[in-house]
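Below are the chains, spelled out letter by letter.
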There are 2 protein chains.
Amino acid sequence: MAKSVDSRSEYAIGVFDSGVGGLTVLNALRQALPEEHLVYLGDTARVPYGTKSALSVRRYAEQAVCALSSRQIKAIVVACNTASAMALEHLQACYPDLLVLGVIEPGADAACRVSQQGHIGVIATESTTNNQAYQKAILRLRPDARIRAQACSLFVALAEEGWHEGDLVEQIVARCLQPLLVADSQFPLDTLVLGCTHFPALRGAIAAVTGDDIQLVDSAQTTAEAVKCELEAKALQNKNQIRGSLTFLVTDGPERFARVATNFFNERIDPGSVELIDIQHYASEC
Amino acid sequence: MAKSVDSRSEYAIGVFDSGVGGLTVLNALRQALPEEHLVYLGDTARVPYGTKSALSVRRYAEQAVCALSSRQIKAIVVACNTASAMALEHLQACYPDLLVLGVIEPGADAACRVSQQGHIGVIATESTTNNQAYQKAILRLRPDARIRAQACSLFVALAEEGWHEGDLVEQIVARCLQPLLVADSQFPLDTLVLGCTHFPALRGAIAAVTGDDIQLVDSAQTTAEAVKCELEAKALQNKNQIRGSLTFLVTDGPERFARVATNFFNERIDPGSVELIDIQHYASEC
């Protein structure tokens, strides 16, 4: 008997980030699931989340999911490491009927898969690092892993300014990574998790500093794979053979969003197609 | 006959910024007006303002002034260049009974006073630069001035991270200032306005790049002088001879605020003394 298809299969996947960083995840989703309709929400009015408290990030994430769920949505991807670290379980509890996935578990999974020795470094925003979400997720998958984490908040500004490569960027990256690379030579890192969706924009500069012995992993691709798996498991995959639509929502500055997005997204975004929403009007269901 | 004293003279001065940058203005106020009570509000839940739209900055500024004016306040200093550029006139119109001052006019005044040739550069956030508030304020005071402006958003992140000096910081500063310093050698700059309250933290590195021929000015001291003048003119100065109190309010992360504040404020701030307020509860009177 053919597997039944959920009536929501043609609904969109909502993708949410504090700003533009989550577009690296949107790229991977677009590639893995070309037929899916994608609605991206960037909370540009309150970006960045990486230096804000758990309480604020949780409230912001609630409002974002509420705004997305007011549309025809079958799943939500929290494409922001900070919001995934601070708010994912909370959001999943608030929306039991909605598929809500984050980027931390897939990132931890990718790291555990590529790491030879289990000597794993994590670079992320200040809030994600303090929250230790990556450390916990990695240890759940690989209890013998040795993990070191380092906040690299400056990388967010570099990525948004389009400072992605070159000598000066590598010098800045080297200075930020120094504590991670020199600490405790008893267990030299073999893997480094780019634990912020902005960081893949600096991948080249980071690789130049870390060298060939350290594998870099980000969660974009593994998140897209996880979303694909879950949709299949729940018979929610869109079976249409035509390319899905792309919708962009922001909470501030559509023009700036479209401009800065070029640093993170593979397709051109027309500023006129970016819809401005007032997120404070969305009451939380949590 | 002795000049009458307004009954509000012992009320506090409210000082408002998006985060910690305005503490450079608070330092100057503390020095110029040691007997005044000061209430500082940092909107750390929505920092930074410098990459946000005029609409959002205006709404955030309205809520901040509303929160401050619910206390015993005789004057408000908008100690944030972006909010001064985007919202000052609007706030003054909304609160006609309150003395509301910004940092742009005093900064422009300082620049015009020290500039020999009237060849003035302005570095600021993206929003302040786009708004051209400094250009307009300088030209009002000195119509023959020639002005060049450059957004240096990266300096905010450097200042907050405590990257204030050293070779690498100077290289970053040099790269950011390059378009300003090489453009149009017909009129080499003689003065550079630090048009963001974060930038004085990088003054040493900026001076190392610009050299002795360019005078650096920031608006902290001239803003404090302007506040002093206005209080005197309105008989609102506190005549008590004892040192005024300091109160800190933030909209997110009191601990982080107290920690990062050490990069900008001369006195130690006890995290326990920083009060967290929910700014969204303040309805605007505008």
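Residues numbered from 1 in each chain as written. Chains lettered and ligands numbered in written order. Predicted model: local features only at pLDDT ≥ 70, side-chain atom pairs only at ≥ 80, totals over all residues. Heavy atoms only, no water.

1. Considerations on the domain arrangement of chain A
Residues and elements named next belong to chain A.
Next up, step 1: With domains assigned, chain A is organised as domain 1 (12–102 + 221–281) and domain 2 (105–218).
Next up, step 2: Between the C-alpha centres of domain 1 and domain 2 the distance comes to 23 Å.
Next up, step 3: With 25 residues of domain 1 at the interface, the matching set in domain 2 holds 23 residues.
Next up, step 4: Considering only the side of domain 1, the residues that lose the most area to domain 2 are N81, T222 and N263, jointly responsible for 30% of the buried surface there.
Next up, step 5: For the pair domain 1 and domain 2, the number of links is two salt bridges.
Next up, step 6: E225 is the salt-bridge partner of R113, the closest N and O atoms lying 3.8 Å from each other.
Next up, step 7: Listing elements by their share of the side of domain 1 that touches domain 2, those giving two or more residues are α1 (23–32), α3 (81–94), α10 (220–233) and α11 (254–261).
Next up, step 8: With five residues, the top contributor of residues to the side of domain 1 that touches domain 2 is α10.
Next up, step 9: Residue composition of the side of domain 1 that touches domain 2, grouped by class: nine nonpolar, 12 polar and four charged. (Domains from an automatic or database assignment. Contact = heavy atoms within 4.5 Å. Buried area = accessible area lost by both parts, 1.4 Å probe. Salt bridge = Lys/Arg side-chain N within 4 Å of Asp/Glu carboxyl O. Helix = DSSP H or I, 4+ residues; strand = E, 2+ residues; numbered from the N terminus. Nonpolar A, V, L, I, M, F, W, Y, C, P; charged D, E, K, R; others polar.)

2. Remarks on the sheet that holds strand β2 (residues 38–42) of chain A
What holds strands together in a sheet is hydrogen bonding between their backbones, with the strands either parallel or antiparallel.
Residues and elements named next belong to chain A.
Next up, step 1: Strand order across the open sheet formed by six strands is β4-β3-β1-β2-β9-β10, with parallel pairing between neighbours. Of all the strands in the sheet, just β4 (99–101) and β10 (274–276) have a single pairing partner and so form its edges. Going across the sheet, the axis of each strand differs from the next one's by a mean of 20°, ignoring polarity.
Next up, step 2: Where β2 lies against strand β9 (residues 246–250), five bridges are found, and the strand directions are parallel. Counterpart to V39 in the pairing with β9 is T247.
Next up, step 3: In this fold α1 packs onto β1 (12–17), β2, β3 (73–78) and β9, with an angle of close to 175° to the strand it touches most, β2.
Next up, step 4: In the packing of helix α2 (residues 54–69) onto the sheet, the strands contacted are β1, β2, β3 and β9, and the crossing angle to β1 comes to about 155°. (Pairing = 2+ DSSP bridges. Axes fitted to C-alpha atoms, helices over the stretch in contact; angles between N-to-C directions.)

3. Describing the packing of helix α7 (residues 154–161) of chain B against helix α8 (residues 167–182) of chain B
Residues and elements named next belong to chain B.
Next up, step 1: Between α7 and α8, the least distance of the axes is 11 Å, while the angle of their chain directions is 160°. For the element pair α7 / α8, the angle class is roughly antiparallel. Note that α7 runs across α8; the crossing there is left-handed. Residues L154, F155 and L158 of α7 touch α8, and the partners they reach there are I172, V173, C176 and L177.
Next up, step 2: Split by residue class, the contact of α7 with α8 holds seven nonpolar, no polar and no charged. (Parallel < 35°, antiparallel > 145°, perpendicular 65-115°, else oblique. Left-handed = near helix turned anticlockwise from the far one by under 90°.)

4. Some words on the environment of A235 of chain A
Residue and element names in this part refer to chain A.
Next up, step 1: Mapped onto the elements, A235 comes out in the loop between α10 and β9.
Next up, step 2: A235 sits in the buried class, given a relative accessible area of 17%.
Next up, step 3: Separated by 226 residues in sequence, A235 and S9 have C-alpha atoms that sit 7.3 Å apart. (Buried < 20%, exposed > 50% of the residue type's maximum accessible area, 1.4 Å probe, protein only.)

5. Remarks on the packing of aromatic side chains
In this description, a pair of aromatic rings is defined by centroid distance and the angle of the planes.
Next up, step 1: Going through the model one piece at a time under the given rule, you end up with 14 aromatic pairs over all chains.
Next up, step 2: On the basis of an interplanar angle of 40° and a centroid distance of 5.6 Å, the ring pair of Y49 of chain B and Y60 of chain B is categorised as tilted. Here Y49 of chain B is found in the loop between β2 (38–42) and α2 (54–69), whereas its partner Y60 of chain B is found in helix α2, with 11 residues between them in sequence.
Next up, step 3: In this structure Y49 of chain B comes out as buried when scored by relative accessible area, which is 1%.
Next up, step 4: One aromatic cluster in this structure is built from Y40, F248, F257 and F265 of chain A.
Next up, step 5: The ring centre of F187 of chain A lies 4.6 Å from the NZ or CZ of R148 of chain A, which sits over that ring. (Phe/Tyr/Trp six-rings, centres within 6.5 Å; stacked < 30°, edge-to-face > 60°. Lys NZ or Arg CZ within 6 Å of the ring centre and 35° of its normal.)

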